[in-house]
Amino acid sequence: MDSFNELFSVSEWFTDITHDFLIIGGPCSAESESQMIKTARALKSSGKVHLFRAGIWKPRTRPGTFEGIGEKGLEWLKQVKEEVGLRTAVEVANPAHVEKAMQYEVDLFWVGARTVSNPFSVQELAESLKGVDIPVLVKNPVNPDIAMWIGALERFYNSGIRKLGAVHRGFYPFEATKLRNIPKWEIPIELKTRFNNLPIFCDPSHISGVRQYIQEISQKAIDLNMNGLMIESHIKPEEALSDVAQQLSPFEFSGLLDNLVFREIESNDKKLSGILETLREQIDSIDKQIIELLAQRMSAVEKIGAFKSKNKVTIFQLRRWEKIISSRVEQGAKLGLSKYFIKELLQLVHKESIQKQADVMNKQSYNKNENTDE
Ligand code: PEP
Ligand code: MN
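To keep things clear, this report deals only with the structure shown in the data block.

### Section: the overall build of the chain
Scanning the chain from terminus to terminus reveals 13 helices and eight strands. Over its C-alpha atoms, taken along the principal directions, the chain stretches across nearly 80 × 55 × 40 Å. A fraction of 72% describes how many contacts in the chain between residues 6 or more apart in sequence connect residues 24 or more apart. Carbon together with sulfur atoms contributes 54% to the accessible area of the chain, which is approximately 19,700 Å² in total. In the chain, which carries 49 positive and 50 negative side-chain charges, the distance between the mean positions of the two groups comes to 6 Å.

In structure tokens, the structure reads:
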């Protein structure tokens, strides 16, 4: 069971779509008939989009923002399917959504990050999908909890879903970053490594949060051998009622797809270097986070420096330093890191921290002197 070994590959999901790389495009939310039909027509004419997505029920972080158009949107999706000729995809969050969406012959369901964060909702959804042959995509939960993501996938698998995929949409960042959601590429890589035949898609729109990084993130997903992309596109992006900064016009979307570089079919040698590259990507992503965390540590250190200076406390305090060393060495030992390594590392970090604090103190006393002179 835990290898998901009965799963279909993406090219087996729809008999007439032969690609092993699926492109899903469409607005964050269904807003009006004309927005839906115009967006769908433009995406269809690019010839590169396999499924048309639109959120009908929107799980919003805050109440009072646009919460989705509801059932009307399903009628428009049906029109897209019949009049434009694109398959349709919608987010479902409870069994009633599944029932409604099936009435309107939606071709693919996805489960959103907020829903995946709640195993009760996932279980209810999975049960309502028993015996249903529609592909289900499971987005990663909001927090970087791979076990919760796998658990949700297992619930659908246990319900008999064999056209099952995961969607990487990034994780909630606790500190401000340039991206809306921090990718933590090592997590989808880990998922792929553990479950070889589980299709994984990337949603660069929700990782990015703004248009400018979508191209780069899409390319990264391809370089990591992901199985498809879900990208938000709106006929008039600047007028979108939700996720306004991250939606692309169908024209921009098509340009983005043209600029993606797909690797050739892998020979054995290439396969090996692909594995190596995947592992390197994992390390690159982790190093990036280490550096970001170090920068955050240094800014906390600067704040302490200012506080100490104001309250005339010395920079170096032996008791605190001893506690830092012993607690970190202990934590490291539990995780298989040697005492020597942790001590060396901390000493280096500590040296820089002391320097930062000294800089802050000098600056403050310099300013004070300047003031006294005045
Ligand atoms: C969406 O796809 O519009 C959406 C709400 O995404 P997520 O669940 O990833 O936030
Ligand atoms: Mn959205």
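### Notes on the coordination of the manganese ion (ligand 2)
At this site the manganese ion (ligand 2) is bound by Cys28 (SG), His206 (NE2), Glu232 (OE) and Asp243 (OD), with donor distances of 2.0 to 2.4 Å. Every donor residue of the manganese ion (ligand 2) comes from the same chain, spaced as C-x177-H-x25-E-x10-D. With a gap of 11 residues between them, glutamate 232 in strand β8 (residues 228-232) and aspartate 243 in the loop between β8 and α10 (250-259) connect regions that are remote in the sequence. Classification of glutamate 232 as buried rests on a relative accessible area of 1%. On the accessibility criterion, aspartate 243 (15% relative accessible area) is buried.

### Some details on the side chain of histidine 234
By secondary structure assignment, the location of histidine 234 is in the loop between β8 and α10. A residue is classified by how much of its surface remains accessible, and histidine 234, at 3% relative accessible area, is buried. One polar contact links histidine 234 to glutamine 35, side chain to side chain, over a distance of 3.4 Å. At 2.9 Å, the side chain of histidine 234 and the backbone nitrogen of lysine 236 are in polar contact.

### Overview of the site of ligand 1
Around ligand 1, the neighbouring residues are Cys28, Arg53, Lys58, Glu91, Trp110, Gly112, Ala113, Arg114, Lys139, Arg169, His206 and Glu232. Arginine 53 is positioned such that a nitrogen or oxygen atom in its side chain is 2.7 Å from an oxygen atom of ligand 1. Here an oxygen atom of ligand 1 sits 2.6 Å away from a polar atom, N or O, in the side chain of arginine 169. In isolation ligand 1 exposes 300 Å². Once the protein is present, 97% of that is buried. A class-by-class count of the residues in the shell around ligand 1 yields three nonpolar, two polar and seven charged.

### Structural notes on the side chain of asparagine 181
Within the secondary structure layout, asparagine 181 lies in the loop between β6 (164-168) and α7 (186-194). On the basis of relative accessible area, asparagine 181 is assigned to the buried category, the value being 5%. Reaching out from asparagine 181, the side chain makes a polar contact with the backbone oxygen of histidine 206 at a distance of 2.8 Å. Not counting the four nearest positions on each side in its chain, asparagine 181 is found in contact with Arg169, Gly170, Phe171, Tyr172, Pro173, His206 and Ile207.

### Description of the sheet that holds strand β3 (residues 87-91)
Spatially, eight strands are ordered β1-β2-β3-β4-β5-β6-β7-β8 in a closed barrel, and the strand pairing comes out parallel. Across the sheet, the mean angle separating the axes of adjacent strands is 25° when strand polarity is ignored. Note that strand β2 (residues 51-53) and β3 share three bridges and pair parallel. Along β3, the bridge assignment pairs leucine 51 with arginine 87. Its contacts with the sheet put α10 on β1 (22-26) and β8, and the angle it makes with β1 is roughly 160°.

### A closer look at the environment of isoleucine 150
Secondary-structure assignment places isoleucine 150 in helix α6 (residues 146-158). Classification of isoleucine 150 by relative accessible area gives buried; the value is 6%. Sequence-wise, isoleucine 150 and phenylalanine 262 are 112 residues apart; in three dimensions their C-alpha atoms are separated by 28 Å.

### Examining unusual backbone geometry
Notably, lysine 184 is not glycine yet its phi reads approximately 45°, a positive angle. Mapped onto the secondary structure, lysine 184 falls in the loop between β6 and α7. Even without being a glycine, asparagine 225 presents a positive backbone phi close to 65°.

Parameters at a glance
All residue numbers refer to positions counted from 1 along the written sequence of the respective chain. Chains and ligands are labelled sequentially in the order written, the chains with letters from A and the ligands with numbers from 1. The predicted origin of the model limits local features to residues at a pLDDT of at least 70 and limits the giving and counting of side-chain atom pairs to 80 or more, whereas totals for whole chains, interfaces and linings rest on all residues. As a convention, hydrogens and water are excluded, and side-chain values are obtained from all of the structure's heavy atoms. To qualify as a helix, a DSSP run of H or I must reach at least 4 residues; to qualify as a strand, a run of E must reach at least 2; elements of each kind are numbered from the N terminus. Note on contacts: a residue pair qualifies if any of its non-hydrogen atoms lie within 4.5 Å across the two residues. Here, Shrake-Rupley sampling with a 1.4 Å probe gives the accessible areas, and only protein chains in the shown set may cover a residue. This count recognises Lys and Arg as positive and Asp and Glu as negative, with His and chain-terminal groups excluded. Each charge is placed at NZ for Lys, CZ for Arg, CG for Asp and CD for Glu. Metal donors: N, O and S atoms at distances within 2.8 Å, or within 3.2 Å for Na, K and Ca, with water omitted from the atom set so that some sites may seem incomplete. Relative accessible area decides the class of each residue, using a 1.4 Å probe on protein chains only: under 20% of the type maximum gives buried, over 50% gives exposed, and in between gives partly exposed. We call two N or O atoms a polar contact when they sit within 3.5 Å, provided that within protein one can donate a hydrogen and the other can accept it, with sequence-adjacent residues counted only if both atoms are side-chain atoms. If a single non-hydrogen atom of a residue is within 4 Å of a molecule or strand, that residue counts as near it. When residue character is reported, Ala, Val, Leu, Ile, Met, Phe, Trp, Tyr, Cys and Pro are called nonpolar, Asp, Glu, Lys and Arg charged, and the others, Gly included, polar. By this definition, two strands are paired if DSSP reports at least two bridges between them. Axis definition: a line fitted to C-alpha atoms, limited for helices to the stretch in contact. Angles are taken between N-to-C directions and run from 0 to 180 degrees.

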